[in-house]
Amino acid sequence: MLQLKKKRIKMRKTMSGLIMLTLFSSLVLPGSAGATPPQSSQVELANVSVQAGQTVHVPVVMKATELPIRAYNMQVDYDTTALEIVRITPRTINTITSSPELNTPSDFQYVINNEEGWVRIIWMDLSEVEHWIDTGDQMFDIEFKAKSTATPGQKQLKVNQDDSEHFHFENVDYGTNAQLSGGTITITAASSGGNSSSPSTGSSGGGGSAATSPAPSVPTTSSTPAPTKGVDIYVNGQKQEQSATASTSTIDNKVTTTIQVDNNKVINQVGNGLRTLLLPVTGTGTNSVVGELNGRLVKTMEGSNAQVVIQTDTGTYTLPASQIKIDQVVKQLGGSAPLEDVKFQIAITPSNDAKKAAIAAAASKMNNTTVIAAPVDFEVKAVYKGQQVDVNRFNAYVERTITLPKDTDGSKITTGVVLQADGTMLHVPTKVIKGTTNDSAVINSLTNSTYALIYHPETFTDISNHWSRTDVEDLASRLVVEGAGDNTFAPDRSITRAEFTAVLLRGLGLHTPESAVTTTFTDVKSDSWYENEVQTAISYGLISGYTDNSFRPNDEISRAEAMTIVARAMKLVDLAKADASETANLLGGYSDGSQVQAWAAEPVASAIKQGLVQGADGKLMADADISRAQTAAIVKRLLAKAGLI
């Protein structure tokens, strides 16, 4: 296989310095003799909507590529009368990033020109280990701000695909063709009250929600519903006028706005490729927002692989229709309920005083812990003739966003937490999105619950000069790993099978079994500290034990065994595993790759493929025990690669 010569590049700040951004366009390599060039790669800029004066994230994703991409060059042009770029964020794991102001070598570089309206980006794999871009990988994220003076309407991001200096990709063997799609930004008018607001969620993964202003004070006088009125919703970023009605009611000082979708109007959009149904409800001063749609619309959206998004001052809830599992819900309602008569209610509600007190009490029992944002409830339920079914478990991670109060520093959040029935707080995968007005915390979970945001910085005396310090401190601040006593972590100590399983589950935010567990191990006692962890891991298919029906929880776990469990977790976070041909090639890159036992070959290769393990001195050391530090590093890489943190 031909290899791209690895050149270290420096970027100058001047316009002429952009010459370096076209460097690799002259490095187009011929394919191997007699080989057939691969099909064109498919690159997608998300279609998004944003309110004037607010920001929005535009993920740029490699939707499909026959061969992995090792370098690209792209210039995106935009309308400066309406848009400006806030920041560019690389998303490819293990890149060495650099801002335009740094003269240090990097494999991801960019220049933003908000006066002329363009951004130039280049990425080349300069790492010692191949970290190429494959199908489904997000390449980078562009955060735009819609100017407060912007006229409502659509703005198209433009890329000159005929000019290799503006749009060029290199895969592992060829200078490949690439095709671009998407990039429409719909700008809506700035909210001045009522139910008009701007959508900020793209049609494909990544990104975050636009910042919103703090809610006005809550009225406390009314106890009857206000009259309904027509409101606008958005289908695939396009405004659908008068396609829903809104009503507001106040009971016991709790104000709730309910948006009832015109189901038939939205169903008629399916033929146009329905992907996202956005219900924006901001600037209303309401405590709780409920989006309501019927079962027939949910079933139709499920068939179109569409998602519904509820956007409020408190936060945003993005729910794929397939995760509602409507057939199961209808069965729970008796099986005969007509779909058009089943109401699905998706709610975002600030938690009540009792839950706030429980969160505060849990934080007070932990060292150096501060609650940064009040807890929020995310709920989904189906209602039919007085019956109710709660939809609170999903087959894939579902995203919800909590908008921080104005002037709240997002860097002071170490993680989101879920409130347990016993009053304890546990980690859920969380990342913070910076905004120009409000920061937001993006939480991904396989369940619905009550979520809060905390600041819990943590360190240990014996990792100050250890290679794992950053990973350990990050996971400790997220309540994923714990110390070994006396403010130490013991980074080089081996970890047991039970301990490794517990750390992985905490990192993934899996705290209870998915379903009733029928498998039991002879050596996992009902009163052991790890019983719940083992049962949870079994229910999610992460562990299977030994042929003698034992789990051996206190045995030290090898790197190969750990990678086997991690490879099974990759399915939960939607990361591709290595196939048979990849397995041989990936293991062949290490001097001891042939020594990996057959049962572990594919899992170890999958971990290598996703950059979760790197080996040392050209060796995998698959049969060696894995350490506490290595465990922290691998779990953090898994969460980062999946985009969960």
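Visitor: Mind showing me how you'd approach the sheet that holds strand S9 (residues 153-156) here?
Guide: Two pairing modes exist for strands in a sheet, parallel and antiparallel, and in both the strands are linked by backbone hydrogen bonds. Strand order in the open sheet made by the 3 strands is S2-S13-S9, with mixed pairing throughout. In the strand order of this sheet, the two ends are held by strand S2 (48-51) and S9, each with one partner. Each neighbouring strand pair of the sheet contributes to a mean axis angle of 30 degrees, computed without reference to strand direction. Two strands pair when backbone bridges link them, and S9 and strand S13 (residues 184-188) are joined in this way by 4 bridges, in the antiparallel orientation. Within S13, the position partnered with Lys-155 by the bridge is Ile-185.

Visitor: Just to check I follow, could you spell out the packing of helix H5 (residues 469-477) against helix H11 (residues 628-641) for this structure?
Guide: Two elements in contact, H5 and H11, have axes separated by 9 Å at closest approach and are oriented at 70 degrees. Taken together, H5 and H11 sit at an angle that is classed as roughly perpendicular. Residues Thr-470, Asp-471, Val-472, Asp-474 and Leu-475 of H5 pack against Ala-632, Ala-633, Val-635 and Lys-636 of H11. Considered class by class, the residues forming the contact of H5 with H11 number 5 nonpolar, 1 polar and 3 charged.

Visitor: When you look at helix H10 (residues 598-609) in this model, what are you seeing that I'm missing?
Guide: For an α-helix, the turn length of 3.6 residues means that residues three or four places apart are oriented alike. An ideal rise of 1.5 Å per residue puts 16 Å on 12 residues; H10 measures up with 17 Å between its terminal C-alpha atoms. Those residues of H10 that sit buried are Ala-600, Ala-601, Pro-603, Val-604, Ala-605, Ser-606, Ala-607 and Ile-608. Gly-611 sits one or two positions beyond H10 and adopts a positive phi of about 75 degrees.

Visitor: Before we go on, may I ask you to explain the pattern of salt bridges in this structure?
Guide: Two side chains of opposite charge can pair, provided their charged atoms sit close to one another. Per the stated rule, a full pass over the model turns up 16 salt bridges. The closest approach of N and O atoms between Asp-377 and Lys-355, which form a salt bridge, is 3.2 Å. In this pair, Asp-377 is assigned in strand S22 (residues 370-384) and Lys-355 in helix H4 (residues 353-364), connecting sequence segments 22 residues apart. The class of Lys-355 is partly exposed, set by a relative accessible area of 26%. For Glu-582, the salt bridge identified is with Lys-609, shortest N-O distance 3.2 Å. Here Glu-582 is found in helix H9 (residues 580-588), whereas its partner Lys-609 is found in helix H10, with 27 residues between them in sequence. Residue class for Glu-582 comes out partly exposed when judged on its relative accessible area of 23%. Using a relative accessible area of 25% as the deciding quantity, one classes Lys-609 as partly exposed. Each member of the salt-bridge network shares a partner with another, and the members are Asp-471, Asp-474, Arg-478 and Lys-636.

Visitor: Is there a simple way to explain empty space enclosed by the protein in this structure?
Guide: Which parts of space are left empty comes out when a probe the size of a water molecule is rolled across the atoms. Going through the model one piece at a time under the given rule, you end up with 6 cavities of 30 Å³ or more. In this structure, the second largest cavity spans a volume of roughly 50 Å³. Every residue along the wall of the second largest cavity is listed here: Arg-559, Ala-560, Met-563, Val-604, Val-613, Leu-620 and Ala-622. With 3 residues, the top contributor of residues to the lining of the second largest cavity is helix H8 (residues 559-572).

Visitor: Would you explain the environment of Phe-144 in this entry?
Guide: With respect to the secondary-structure elements, Phe-144 resides in strand S8 (residues 138-146). With relative accessibility at 0%, the residue Phe-144 sits in the buried group. For the pair Phe-144 and Tyr-78, spaced 66 residues apart in sequence, the C-alpha to C-alpha distance is 9.9 Å. Contact partners of Phe-144, with chain neighbours within four places excluded, come to Gln-54, Thr-55, Val-56, Val-58, Tyr-78, Leu-83, Glu-84, Ile-85, Val-86, Leu-157 and Ile-185.

Visitor: Explanation requested: unusual backbone geometry in the structure shown.
Guide: Most peptide bonds are trans, and most residues other than glycine sit at a negative phi. Phi is positive for Asn-487, close to 60 degrees, though the residue is something other than glycine. Of note, Asn-487 is situated in the loop between H5 and helix H6 (497-508). Residue classification places Asn-487 among the partly exposed residues on the basis of a relative accessible area of 41%.

Visitor: Hey, could you run me through the confidence of the model for the chain in this one?
Guide: Low-confidence regions, as indicated by low pLDDT, have predicted coordinates that should not be scrutinised in detail. In the predicted model, the chain carries a mean pLDDT of 82, and 82% of its residues have values of at least 70. Least confident of the elements in the chain is strand S11 (residues 175-176), whose mean pLDDT is 59; most confident is H6, at 97. Throughout residues 192-227 the model reports pLDDT below 50, and contacts reaching past four residues in sequence, or to other chains, amount to 116 contacts.

What counts as what
Residues numbered from 1 in each chain as written. Predicted model: local features only at pLDDT ≥ 70, side-chain atom pairs only at ≥ 80, totals over all residues. Heavy atoms only, no water. Pairing = 2+ DSSP bridges. Helix = DSSP H or I, 4+ residues; strand = E, 2+ residues; numbered from the N terminus. Axes fitted to C-alpha atoms, helices over the stretch in contact; angles between N-to-C directions. Parallel < 35°, antiparallel > 145°, perpendicular 65-115°, else oblique. Contact = heavy atoms within 4.5 Å. Nonpolar A, V, L, I, M, F, W, Y, C, P; charged D, E, K, R; others polar. Expected span 1.5 Å × (residues − 1). Buried < 20%, exposed > 50% of the residue type's maximum accessible area, 1.4 Å probe, protein only. Salt bridge = Lys/Arg side-chain N within 4 Å of Asp/Glu carboxyl O. 1 Å grid on protein atoms, 1.4 Å probe; cavity = no way out; pocket = protein on both sides within 12 Å on 5 of 7 lines; lining within 4 Å. Points joined across faces, edges and corners; volume = space filled by probe spheres on them. pLDDT = per-residue confidence, 0-100.

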